[in-house]
Structure formats: C-alpha cells, structure tokens
Amino acid sequence: MTHKKKIVITGLLIIVICITSCGHKEKENPYGATVSELGDEDAYAFLDMDYKNYVMVTSDGLYDAGVERQAAIYCTVYYYGKDAAINLGTIMSDGTAYPISFSKDGIFAASGHRIEKYAISEKEGELYLKKGVYVEYDEDGNEHYTSMIDGKEAESNAEEYEKMLEEYDGSQVIHFSYGADGCINEIIEY
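Summary of the structure given here. (Residues numbered from 1 in each chain as written. Predicted model: local features only at pLDDT ≥ 70, side-chain atom pairs only at ≥ 80, totals over all residues. Heavy atoms only, no water.)

### Topic: the sheet that holds strand E6 (residues 84-92)
Defined as follows: In this scheme, strands are said to pair when DSSP sees at least two bridges between them. Only DSSP runs of H or I with at least four residues qualify as helices, and only runs of E with at least two residues qualify as strands; both kinds are numbered from the N terminus onward.
Pairing in this open sheet of five strands is mixed, and the strands run E6-E5-E2-E1-E14 from one edge to the other. Each of the sheet's edge strands pairs with one partner strand only, and the pair in question is E6 and strand E14 (184-185).

This is the structure we're talking about:
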C-alpha cells in the first residue's frame, strides 16, 4: 500500500472515530471532509457554542499554555453553511500569554493592548468582530481607550476594558487535538 493511500485511510478512520466517539451531542458534525484535508501538522477542535452546528477551528501552532497543553495563539475558523464547511477566516492573539479561547457566544483573541470577541453570523455565513476594546498610550504614557461593537467605533474607558478582560479571563482556552480523542470542546461549568 502506498504512503498516500495509508494517509487517506488513516484520515477516514479518524473521521469515523471522531464522528462516532465525539458525536455524543445532538449537534451535527458535518466536518469530515474538512478534517480529512488537514495537513499532518494541523490540529483541530469542535466548539460547542450557541450555533446550530459545532464551530470547527484548526491550527498548526500548538504550545503549552499552562492551563492547556495544546493551546494556540491563532486559528482558522470554519462553519458549516450552504451545504459545505466554509473557511471564515483566521483569528490571532499577540503572543503565548493570550491563547485563543471561547465562550458560548464568541471566540476570543487578545494582547496587552486589545481584547476581541468574534462571532459567526449563521445567516450570512461570516465571521465578524462582535466586540473589541483597545488601549493606546501617547508619548506621555496617557491611556486612550476605544471600542468596536458590531462594526461601530466609539470612545471607551478603563472600566470597559477591564470588563472585557474579565470576560476573556472567564472564557475557556481551546483544546486542539490531532485526532478524535478530545476534539469536542464544551464549556466547563465550575
């Protein structure tokens, strides 16, 4: 058997295992073809969020974040719509201190000067910035806060930034997997 056939067969087995062993929820998991097309370095996760289907995220840049051994600072987001899994784009944090995380209603990216929460418009099949809060410093060290909420920029303040930081801190770091074991990410209630 050729190396290519072994890879295809292995990929199909992973898909079958993932769909059967990870599919313990009522949600659809229509990402089999997308998973089979991933490269050897690509890990993935299915996020159980407030959407009809799971949200699929992939990354080839995993690291140990302390709270999560297979975290990432960037990911590509897929959502099943219009009879296919659609690549909606990439979300990126600025460094390993800010792993990509999620809540029931958003996927988070951050840095020392920004916190962003992305959501999916199921109707349009698009990833969009639901809310972002940013801080900039002038040459004297004075802080200036702005926000972006559903596409509208506005002045903001330290309180709003702290509130968004708390939401990010309360979100769950995404656990990426190379196989069916651990592919479903559900919000853990403490």
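### Overview of the pairing of strand E8 (residues 106-110)
Just so we agree on the cut-off: In this scheme, a residue with accessible area under 20% of its type's maximum is buried, one over 50% is exposed, and one in between is partly exposed, where area comes from a 1.4 Å probe on protein chains only.
Summarising burial for E8: five of the five residues are buried, a large majority. Here E8 shows two buried faces, one formed by Gly106, Phe108 and Ala110 and the other by Ile107 and Ala109. Connecting strand E7 (residues 101-103) to the next strand, E8, in antiparallel fashion are two residues. Pairing of E8 with strand E9 (residues 114-121), which is carried by four bridges, proceeds in the antiparallel orientation. Pairing of Ile107 across the sheet is with Tyr118, part of E9. Counted along the chain from E8 to the antiparallel partner E9, the turn is three residues long.

### Side note on the packing of aromatic side chains
Using the following cut-off: Classification of ring pairs uses Phe, Tyr and Trp, with its six-membered ring standing for Trp, and accepts pairs whose centres are within 6.5 Å; under 30 degrees between planes counts as stacked, over 60 as edge-to-face, and the remaining range as tilted.
Within the structure shown, the criterion is met by six aromatic pairs. A ring pair is formed by Tyr31 and Phe46, whose centres lie 5.8 Å apart and whose planes are at 20°; its orientation type is stacked. Residue Tyr31 is located in the loop between helix H1 (3-21) and helix H2 (32-36), and its partner Phe46 is located in strand E1 (residues 43-47); the two are separated by 15 residues in the primary sequence. Pair check on accessibility: Tyr31 and Phe46 agree, each one buried. Look at Phe46 and Tyr54: their rings are 6.4 Å apart centre to centre, the planes differ by 35°, and that puts the pair in the tilted class. The pair formed by Phe46 and Tyr54 is uniform in burial state, with each residue classed as buried. A connected cluster of aromatic rings, assembled from ring pairs, spans Tyr31, Tyr44, Phe46 and Tyr54.

### A closer look at the pairing of E9
The element E9 is largely enclosed, with a buried count of eight among its eight residues. Every second residue of E9 is oriented toward a common face, with Arg114, Glu116, Tyr118 and Ile120 on one face and Ile115, Lys117, Ala119 and Ser121 on the other, all of them buried. Bridging between E9 and strand E10 (residues 126-137) involves eight bridges; their strand directions are antiparallel. Across the sheet, residue Tyr118 finds its bridge partner in E10, namely Leu129. Between the antiparallel neighbours E9 and E10 lie four residues, among them Gly125 with a positive phi of about 65°.

Read these as layout, nothing more, since geometry by itself doesn't imply function.
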